[in-house]
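Residue-level structural notes
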Amino acid sequence: MKVSDHILRRLREWGVEHVFGYPGDGINGLLAAWGRAGNVPQFVQARHEEMCAFEAVGYAKFTGRTGVCAATSGPGAIHLLNGLYDAKLDHVPVVAIVGQTARSAMGGAYQQEVDLLSLYKDVASEFCEMVTVPQQLPNVLDRAMRVATVRRTVTAVIVPADVQDLDYEAPGHAFKMVPSSLGAGRFAPVPADEEIERCAEILNAGERVAVLVGQGARGARAEVGELAELLGAGVAKALLGKDVLPDTLPYVTGAIGLLGTRPSYELMRDCDTLLVIGSSFPYSQFLPEYGKARAVQIEIDPSMAGLRYPFELNVLGDAAETLKRLMPLLRRKTDRSWREAVELNTARWWEVMERRAAVSADPLNPEHVVHALDGLLPDDAIVAADSGSAANWYARHLRLRDGMRGSLSGTLATMGCGVPYVIGAKFGLPHRPAVALVGDGAMQMNGLAELITVAKYWQQWEDPRLVVAVLNNRDLNQVTWEMRALQGAPQFEESQQLPDVPYAVVARELGLDGARVEDPEEVEPVWRQALAGDRPFVIDFRTDPAVPPIPPHATLDQIAAAAASVVRGDSDRGSMLRQGFKAKIQDFLPGGKTGGRAGERH
């Protein structure tokens, strides 16, 4: 047995079923071992090493298991980095196995020689090791798997090409040998009783309680719901926690932050007590103003506790186990006026979303495109949104129901992850339908090439439905609107405009299915067609770049500046337009002359 054979055997013993990879001579020994092992675990060939990492991230995000990716030395290892940083920043367990130049060539400025230990020092800061003798295994691989799984992070194992071909020799019962064993175990740390008692005192004293949940609360869905009922609280969600609670619950206000909803903004603005559960939501300006609310955090990772906000109490523990111990100490609030106000604001918001989706555009309103999907999603759907304006519509228009899963690149906010995310998800959960919402920028960056990966593997999946919806506005739209709203600058066409690509035609040429849609009347029928299809489907929605993803908390000055910047001209005219827009918009804001439904539509 070679070292490479042992590595694959050990991965099988860890329960690894798929490794997302791309070949290269730096891992030729491993590739040969895959051939001897009958391709078990399955080597899933992506089009690019970055996609290997993204697919491992998608696999891990949606299955809860550890994703594994593999790449060659030098450029292959470098290409993995963006996807690995996505995993690290979103606390997703991924193990990278990378090749390295032979030991005899190290230090000789040899071809593809890169100092991988230094390169991976940050992204795999919890564990990164190079195997130089067979006896280091299985310990190195076991530690990489265990640390990634338990700490929900990235680890890396670097194996020089010549080491892969050495005869495997297990560590012996001897000095300076390090034996190892399988398994990570399950644990749920809980805080001390006095911490839980202090937490209950703060929450019981509050009259207007707000709860913010992140992905760390995903295993505490029932407990969060029970707590919200006891406290009469509203619940907002960080985007990585969008699938923690169903959006159909009347007290769930939806996403928070730049891509968030108006009721979430109001929930944070008006509460007197805040409970954050399993979230490292980074934008403190969307949390209550300092000094206006008491705040408590429940967090399992000590390194992430106490960040973002001056919490009165940081409770360290597993979300579900902590809430189970907390619940008996909470008193049900008899005054439900706060809850009623939250529910009223939330109901009004969904009415506004429906009206915004109905506004005409040229040719399609992207809000209509995503809003039409809302009621058509299968109950077991997996949804991934790419970074860009598509993430706005995912955050605001899709109501994930109980049992659905959804995610995006939350902290790195990298483009190009949407399609590889759902590919990884389909390998881990081949019986569930998947939908990727991507902009044309992200599709041109990564998605087009990964359609080849879809075409190669889709017939292995129990449920063949994988729908890629391209919001094709020929513009890098999120940046365009950020420039307008934040810099008051018009579109810089040289950086923002994109070529029009026949995405559906490409899909059909690859043996998939697809359609281009420019008529609003065809939006819902094509969603139905794609979700009932017998193969993956690409929908090319020709959307209007002039529909702004303006955040619900935007100030009048920001809206006016964005509107005025659309019009090119001299500075005096721009200034006049800004004042004119501001005066006009003022009429439609709450307290203005018009207000109401007409104001929301305007």
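Structural data are supplied above this passage.
So, a few notes on the structure that sits alongside this text.

Observations concerning the pattern of salt bridges
All chains considered together, the criterion is met by 33 salt bridges. Between Asp167 and Lys2 there is a salt bridge, and its shortest N-O distance comes to 3.0 Å. Here Asp167, found in the loop between α8 (161-164) and α9 (193-205), pairs with Lys2, found in the segment before α1 (3-13); they are 165 residues apart in sequence, far enough to count as distant. Taking the shortest distance from any N to any O, the salt bridge between Glu343 and Arg339 comes out at 3.4 Å. One end of the pair is Glu343 and the other is Arg339, both in helix α13 (residues 337-358) and 4 residues apart, which spans about a single turn. Note on Arg339: relative accessible area 6%, which makes it buried. Each of Arg9, Arg10, Glu13 and Asp142 takes part in one network of salt bridges that share partners.

As for the environment of Glu289
As for its position among the elements, Glu289 is in the loop between β10 (273-277) and β11 (294-299). As a C-alpha pair, Glu289 and His173 span 116 residues in sequence and 60 Å in three-dimensional space.

Notes on the side chain of Asn473
Looking at where Asn473 falls in the secondary structure, it is placed in the loop between β16 (466-472) and α18 (477-487). Among the polar contacts listed, one links the side chain of Asn473 to the backbone nitrogen of Asp475, at a separation of 3.0 Å. Those residues in contact with Asn473 that sit more than four places away from it in its chain are Ser389, Asp440, Arg542, Thr543, Asp544 and Pro545.

Focus on the environment of Arg198
Here Arg198 is to be found in helix α9. Residue Arg198 is classed as partly exposed on the basis of its relative accessible area of 37%. Residue contacts for Arg198: discarding those within four places in its chain leaves Glu312 and Leu313.

Notes on the sheet that holds strand β3 (residues 67-71)
In spatial order, the strands read β2-β1-β3-β4-β6-β5; together these 6 strands make up an open sheet with parallel pairing. Lying at the two open borders of the sheet, with one neighbouring strand each, are β2 (42-45) and β5 (128-130). The mean inter-strand angle of the sheet, taken between neighbouring strand axes irrespective of direction, is 25°. Note: β3 against strand β4 (residues 94-100), 5 bridges, orientation parallel.

Some thoughts on the side chain of Asp386
Of note, Asp386 is situated in the loop between β13 (382-385) and α15 (389-397). Put simply, Asp386 is tucked away with no salt bridge, and the nearest opposite charge, on Lys61, sits 11 Å away. Reaching out from Asp386, the side chain makes a polar contact with the backbone nitrogen of Cys417 at a distance of 3.2 Å. Other than its neighbours up to four places away in sequence, Asp386 contacts Ala391, Thr414, Met415, Gly416, Cys417, Gly418, Val419, Leu437, Val438 and Ala442.

Considerations on the packing of aromatic side chains
Under the counting rule described, the total for this entry stands at 12 aromatic pairs. Through a chain of ring-to-ring contacts, three or more aromatic side chains come together here, namely Phe20, Tyr59, Phe427, Tyr457 and Trp461. Taking the ring centre of Tyr394 as reference, the NZ or CZ of Lys242 above it sits at 5.4 Å. Positioned over the ring face of Trp350 is Arg399, at 4.7 Å from the centre of the ring.

Things to note about the sheet that holds strand β15 (residues 434-439)
The parallel open sheet is built from 6 strands, whose spatial order is β14-β13-β15-β16-β18-β17. Either end of the sheet is taken by a strand with one partner, and the two such strands are β14 (405-408) and β17 (513-517). The sheet shows a mean angle of 15° between the axes of neighbouring strands, taken without regard to direction. Note that β15 and β16 share 6 bridges and pair parallel.

Let's talk about the pairing of β13
A two-sided burial pattern is seen for β13, the buried positions comprising Ile382 and Ala384 on one face and Val383 and Ala385 on the other. Both β13 and β14 contribute to a ladder of 4 bridges, which runs parallel. Considered in β14, the bridge of Ile382 is made with Arg405. Between β13 and its parallel partner β14, the chain crosses via α15, and the hand of that crossover is right-handed. As paired elements, β13 and β15 share 4 bridges and run parallel to each other. Bridging from a neighbouring strand, Ile382 pairs with Ala434 of β15.

The rules behind these values
Residues numbered from 1 in each chain as written. Predicted model: local features only at pLDDT ≥ 70, side-chain atom pairs only at ≥ 80, totals over all residues. Heavy atoms only, no water. Salt bridge = Lys/Arg side-chain N within 4 Å of Asp/Glu carboxyl O. Helix = DSSP H or I, 4+ residues; strand = E, 2+ residues; numbered from the N terminus. Buried < 20%, exposed > 50% of the residue type's maximum accessible area, 1.4 Å probe, protein only. Polar contact = N/O pair within 3.5 Å; in protein donor to acceptor, adjacent residues only side chain to side chain. Contact = heavy atoms within 4.5 Å. Pairing = 2+ DSSP bridges. Axes fitted to C-alpha atoms, helices over the stretch in contact; angles between N-to-C directions. Lys, Arg positive; Asp, Glu negative; His and termini not counted. Phe/Tyr/Trp six-rings, centres within 6.5 Å; stacked < 30°, edge-to-face > 60°. Lys NZ or Arg CZ within 6 Å of the ring centre and 35° of its normal. Right-handed = clockwise from strand over helix to strand, strands pointing away.

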